[in-house]
Amino acid sequence: MTTFGDISTQEFTINDRTYRPPARPVVVICIDGCADEYLSISIAKGRMPNVARIAGEGYRGLVRGALPSFTNVNNSSICTGVTPAVHGICGNFFLDPDTGEEVMMNSAKYLRAETILAAAANAGRKVAMVTAKEKLRDILSHNLTGIAFSAEKANEAQLSTHGIDDVEELVGAPTPEIYSGDASLYVLQAGAALVEQGRADFLYLSLTDFMQHKFDPWQEESLEFHAGIDREIGRLLDAGAIVAATADHGMNAKQTADGSPNVIYLEPLLAEEFDANIKVILPITDPYVAHHGALGSLAMVHLPDSVRTDPVISRLMEIEGITEVHCRASAVRKLELAPDRIGDLVVLSGRDVVLGRSPEHHDLKAVASGLRSHGGRYEEMVPLLVSEPLNDAYCRKASGDPRNFDVFDFAVNGTKP
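Everything quoted here is computed from the prediction, not taken from an experiment. (Residues numbered from 1 in each chain as written. Predicted model: local features only at pLDDT ≥ 70, side-chain atom pairs only at ≥ 80, totals over all residues. Heavy atoms only, no water.)

Caption draft 1: Main features of the overall build of the protein. A count of helices and strands for the protein gives 17 helices and 19 strands. Along the first, second and third principal axes, the C-alpha atoms of the protein reach 70 × 45 × 45 Å. Residues counted as buried form 62% of the 417 residues belonging to the protein. The contacts in the protein between residues at least 6 apart in sequence include a share of 72% that link residues at least 24 apart. For the protein, the accessible surface area stands at approximately 15500 Å², while carbon and sulfur atoms represent 47% of it. Put simply, the protein has 37 plus and 57 minus side-chain charges, and the middle of one group is 4 Å from the middle of the other. (Helix = DSSP H or I, 4+ residues; strand = E, 2+ residues; numbered from the N terminus. Buried < 20%, exposed > 50% of the residue type's maximum accessible area, 1.4 Å probe, protein only. Contact = heavy atoms within 4.5 Å. Areas by Shrake-Rupley, 256 points an atom, 1.4 Å probe, with all protein chains shown as cover. Lys, Arg positive; Asp, Glu negative; His and termini not counted. Charge placed at Lys NZ, Arg CZ, Asp CG, Glu CD.)

As structure tokens, this is what we get:
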């Protein structure tokens, strides 16, 4: 076992949880879009020996993510340890009730809870938060004294604003293209280098799901990508880190038998049925349209005062491919969402179905050859990996209803001394 000096073990409490960090580097990884079959197939093909070792010597299981099963929602939950009802990030995109505008939820001003990362830094840990996508950096680095940058804009990192100014030198490679597997591997390479050089000892590394959107688990491109993830996890293990990994959401094919996107367009359907201006907001919407064309398996519906909710719910539930429709109160209670950040209705679709606004609202050229996406129940269950054996208390917790946003708790408090 590698020995470490000068690593704070001061406990800290944030969002009603107390963390007692060990005197070892702790690294939590969010493998964006990682349905469990990506790991299972890569392990079976011999492409992830380090993850296979974690599964044998540490812990591997399934956990439930937060809904909607989107990036901003779940990364915010992972980094705060609480549900969207508490931290307030209920999508990548929403209708702001204060302004009536449709806006991206990329700013820390929308976050209603402090992060585990900021609390760990205040307790003396050397914290680094590295994301693939720039859209996450502002939210997750809220009040953080430490290192925070994205692979997408690694070459723009400055010491005064990001806590680091030599990212390309650190990694030994130029800033990657965001629409690539390299963007995710760059995050892991940076994290491994930070641990190896003693520049960080409490890290959150969040990848991007471009590869999972484009390739199923059996394809060689996917297998090679996951082999790259495994190599960097091996570096972290060799550096003596406790490594825990989960995902923000899974991924499924959302297409018809001929390969075209399998879309239910809600706005024209509802406008014709109820003769009203009914607005549909798609919280998967973000700047990365090549991933998914703004099509996911959960939508928010905003109704004018003239339209009652019950008839709309009844009509939507008659449509093949729609699996759940919740009024606002039900969505708050059952989906753990903040009431002022959602629609009058929250609509979820089936495993192979996505929800759209209207045909003219979406440019489907990037996904015309095949759409893989997420957002609903069928992408809610994701892996949890912990590199060390769990203690008795956390073995019991793992057999209950663990969540992906318990991952820091498992990594810090859940392993045997």
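Caption draft 2: Focus on the state of the cysteines. Following the criterion strictly, the structure yields zero disulfides and no others. Here cysteine 327 is not cross-linked by a disulfide; its sulfur's nearest cysteine counterpart is in cysteine 90, at 15 Å. (Disulfide = S-S within 2.5 Å.)

Caption draft 3: Molecular detail of the sheet that holds strand S10 (residues 242–246). Sheet architecture is open: seven strands sit in the order S4-S19-S10-S3-S9-S7-S8, paired in mixed fashion. The sheet terminates laterally at strand S4 (59–64) and strand S8 (147–150), the two strands that pair on one side only. Along the sheet, successive strands turn relative to each other by an average axial angle of 15°, direction set aside. Sheet topology note: the S10/strand S19 (residues 381–386) ladder contains three bridges and is antiparallel. Paired with alanine 245 across the bridge in S19 is leucine 385. The sheet strands contacting helix H1 (residues 36–44) are S4 and S19, and the helix crosses S4 at an angle near 155°. (Pairing = 2+ DSSP bridges. Axes fitted to C-alpha atoms, helices over the stretch in contact; angles between N-to-C directions.)

Caption draft 4: Inspection of the side chain of asparagine 75 at higher detail. In this structure, asparagine 75 sits in helix H3 (residues 71–80). A relative accessible area of 0% places asparagine 75 in the buried class. A distance of 2.6 Å separates the side chain of asparagine 75 from the side chain of tyrosine 204, its partner in a polar contact. Excluding its chain neighbours within four sequence positions, the residues that come into contact with asparagine 75 are Cys30, Leu136, Leu140, Tyr204, Ser206 and Asp248. (Polar contact = N/O pair within 3.5 Å; in protein donor to acceptor, adjacent residues only side chain to side chain.)

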